[in-house]
2 protein chains.
Amino acid sequence: MARAWTLASRPAGTPVAKDFALVTLDSVALGDGEVRVANRWLSVDPYMRGRMNDVKSYVPPFAIGAPMEGGAIGEVIESRDPALKPGDLVQHMLGWRDEATGPAGAFSKLPAIDVPPQAFLGQFGMPGMTGYWGLLAVAEAKAGDTVFVSAAAGAVGSTVVQIAKAKGMTVIGSAGGAAKVEWVRSLGADAVIDYKAGPVVKALGEAAPKGIDVYFDNVGSDHLDAALAHARVGARFAICGMIDVYNDAKPTELKYLARLIGNRVRMQGFIVTDFFPRASEFYRDMAGMANTLKREETVHDGLEAAPAAFMALFTGGNTGKMLVKL
Amino acid sequence: MARAWTLASRPAGTPVAKDFALVTLDSVALGDGEVRVANRWLSVDPYMRGRMNDVKSYVPPFAIGAPMEGGAIGEVIESRDPALKPGDLVQHMLGWRDEATGPAGAFSKLPAIDVPPQAFLGQFGMPGMTGYWGLLAVAEAKAGDTVFVSAAAGAVGSTVVQIAKAKGMTVIGSAGGAAKVEWVRSLGADAVIDYKAGPVVKALGEAAPKGIDVYFDNVGSDHLDAALAHARVGARFAICGMIDVYNDAKPTELKYLARLIGNRVRMQGFIVTDFFPRASEFYRDMAGMANTLKREETVHDGLEAAPAAFMALFTGGNTGKMLVKL
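Residues numbered from 1 in each chain as written. Chains lettered and ligands numbered in written order. Predicted model: local features only at pLDDT ≥ 70, side-chain atom pairs only at ≥ 80, totals over all residues. Heavy atoms only, no water.

A. Structural detail: the overall build of chain A. Helix and strand content of chain A: 10 helices and 16 strands. Relative to a compact globule of 326 residues, whose C-alpha radius of gyration would be 20 Å, chain A shows 20 Å and is just as compact. When the backbone C-alpha atoms are referred to their principal axes, chain A occupies close to 65 × 45 × 35 Å. Within the span of chain A, comprising 326 residues, buried residues form 56% of the whole. Sequence separation of 24 or more characterises 66% of the internal contacts of chain A that already satisfy a separation of 6 or more. Counting every atom, chain A has about 12,900 Å² of accessible surface; 53% of that belongs to carbon and sulfur. The distance from the centre of the 33 positive side-chain charges to the centre of the 34 negative ones in chain A is 6 Å. (Helix = DSSP H or I, 4+ residues; strand = E, 2+ residues; numbered from the N terminus. Rg over C-alpha atoms; globule rule 2.2 N^0.38 Å. Buried < 20%, exposed > 50% of the residue type's maximum accessible area, 1.4 Å probe, protein only. Contact = heavy atoms within 4.5 Å. Areas by Shrake-Rupley, 256 points an atom, 1.4 Å probe, with all protein chains shown as cover. Lys, Arg positive; Asp, Glu negative; His and termini not counted. Charge placed at Lys NZ, Arg CZ, Asp CG, Glu CD.)

B. Structural view of the nonpolar core. Counting residues in hydrophobic clusters, the biggest one holds 50 residues, and the most contacted among them are Leu 224 and Phe 237 of chain A together with Leu 224 and Phe 237 of chain B. Not counting chain neighbours up to four residues away, the residues in contact with Phe 237 of chain A comprise Ile 212, Tyr 215, Leu 224, Ala 227, Leu 228, Ala 231, Val 265, Arg 266, Met 267 and Gln 268 of chain A. (Core = buried A, V, L, I, M, F, W, Y, C linked by side-chain atoms within 4.5 Å.)

C. Representation of the sheet that holds strand β12 (residues 231-239) of chain B in the model. The strand order across the open sheet built from 12 strands is β10(A)-β9(A)-β8(A)-β11(A)-β12(A)-β14(A)-β14(B)-β12(B)-β11(B)-β8(B)-β9(B)-β10(B), with neighbouring strands paired in mixed fashion. The open sheet has two free edges, formed respectively by β10 (191-194) of chain A together with β10 (191-194) of chain B, since each of these has just one partner strand. The average undirected angle you get between the axes of adjacent strands in this sheet is 15°. As paired elements, strand β11 (residues 212-217) of chain A and strand β12 (residues 231-239) of chain A share 5 bridges and run parallel to each other. Each bridged residue has a counterpart across the sheet, and for Phe 216 of chain A the counterpart in β12 of chain A is Ala 238 of chain A. Across the sheet, helix α2 (residues 126-138) of chain B lies against β8 (146-149), β11 (212-217), β12 and β14 (266-269) of chain B, angled at about 150° from β11 of chain B, the strand it touches most. The sheet strands contacting helix α4 (residues 178-186) of chain B are β9 (170-175) and β10 of chain B, and the helix crosses β10 of chain B at an angle near 165°. (Pairing = 2+ DSSP bridges. Axes fitted to C-alpha atoms, helices over the stretch in contact; angles between N-to-C directions.)

D. Up close: the side chain of Ser 43 of chain A. All names here are of chain A. Structurally, the position occupied by Ser 43 is in strand β3 (residues 34-43). You can call Ser 43 buried: its relative accessible area is 3%. Looking at Ser 43, its side chain comes within polar contact range of the side chain of Asp 45, at 2.6 Å. Look past the residues within four positions of Ser 43 in its chain and what remains in contact with it is Met 48, Gly 71, Leu 121, Lys 321 and Met 322. (Polar contact = N/O pair within 3.5 Å; in protein donor to acceptor, adjacent residues only side chain to side chain.)

And the structure:
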């Protein structure tokens, strides 16, 4: 029997176990044009926290009691559509469950790039596209720029670090704790700040005495303020995520916001889905780097572990992409 | 004997009278290529507060004990340069004094537009350019947009309101108190928020139920937060000034900053001097509107009044352009 995680209650602040409920799905016969997919990998991502609130946002809220959604990689096990056949590996958005059924158009065969299937949930999937387009299109980063990346050990940040290095930029990452700092350094970052070791604004000033041209924001709050404090004239900030505020009703406090004016800083929020039409560009450029890019995964085993994997995103529990393996 | 205001001490927070000292200037004979100008009008502007701090910024700090600088309109009374002759009206940056001397190149004849000379310190000068370029170039506002302008009764804001209306936009202004609100309404604003009457975020939601496309920020803080709360997808914010933070070491608290992401908001800081090379474009477009644009001035009389005029900028003491008449 197929099972799925539903949202049992809307979290107040950080999600806890009782906000999730595992339910058995009714078995359904396939209609014409539909397929059945056994999920092999599920993605958990910080943006899902936003969908747990009942507020308008760029994606609709999860409904209470309904199976949640999210990126997943699976294998077609039954097909009533000529475009897909049993054995095909596909990516789709019906995650948080062990088996997914739906119209064939909701499932895409994996691109022909020689990386493990689960990479299409990370560096070659939505987090990778987020990093790629945020850095190159939103922040318009170019060779010679000094780039600051927060959450640099995460799925998005670790890709930003490596793409920036591959394109000739100086890169300063931030991460929490010695192990993550070391890993970000191994990705090629020129300097890495341990944000748990002291104020970010001070550490960034030491790492980038001439200031930064680009900030890739995954965090908000003290990292954003530090980036404002050290922005050079004409700096561009790609605002991708504020993991600190997803769970938190406290206002963001910025001491250096007015620097935006004198330094003509541009802050631009973005959503990766706006760049989906350019996916083939992304795959082409990334395929050329596939052999040199490093990936790390933090893997939780079994469908039962999905809420724990998700909750650990907010306590720095992952290096690289957080995944659930079925 | 010519006199000038100097900075006696760097203000802690809001400037007070003892931060300023009026001194007598040594009389100087003109060298070749130099002119002497009797100032008729002095400008006081919020950005000058930043120059009173001893920190790097987009303009260098005022030196303690030296005459301060600022926009001024004067009449040439002595000239050793063929480009200028006695009686010429000129604009220049040697304000805060009753008489200015220097190389002729530091003084520009007023453009041939039929407005009173002091308008070149306001709507046809730096504040006007700030509003014009901030709205049209930085925020890329266009006909049909809904535009929110803070400090809409000020020199910059009142120009933004009128240019926006002239270009076919819907305009919501904010101002403090019934008299200013009424004046902003008389400029053509579709709605005016009295920020002293209640929370801006609530009032803006009522004035713009479908949200805003553009925010012209003269204020920061609660106005910026309200604009973030009501930004539509693709909104552009021109960040021009944060009068609230010039005197204040408190951090800006933003509850709605993360809206930047989902709504792909762009916040762009800017400095009007970047647009000086486009001054002739500005004069041409503005000259065509000169007969319909309204201007209001708050005038303090005499050089002695300059510090009081300046300090009143921070307590909402002006409607339209704040000027000192000599």
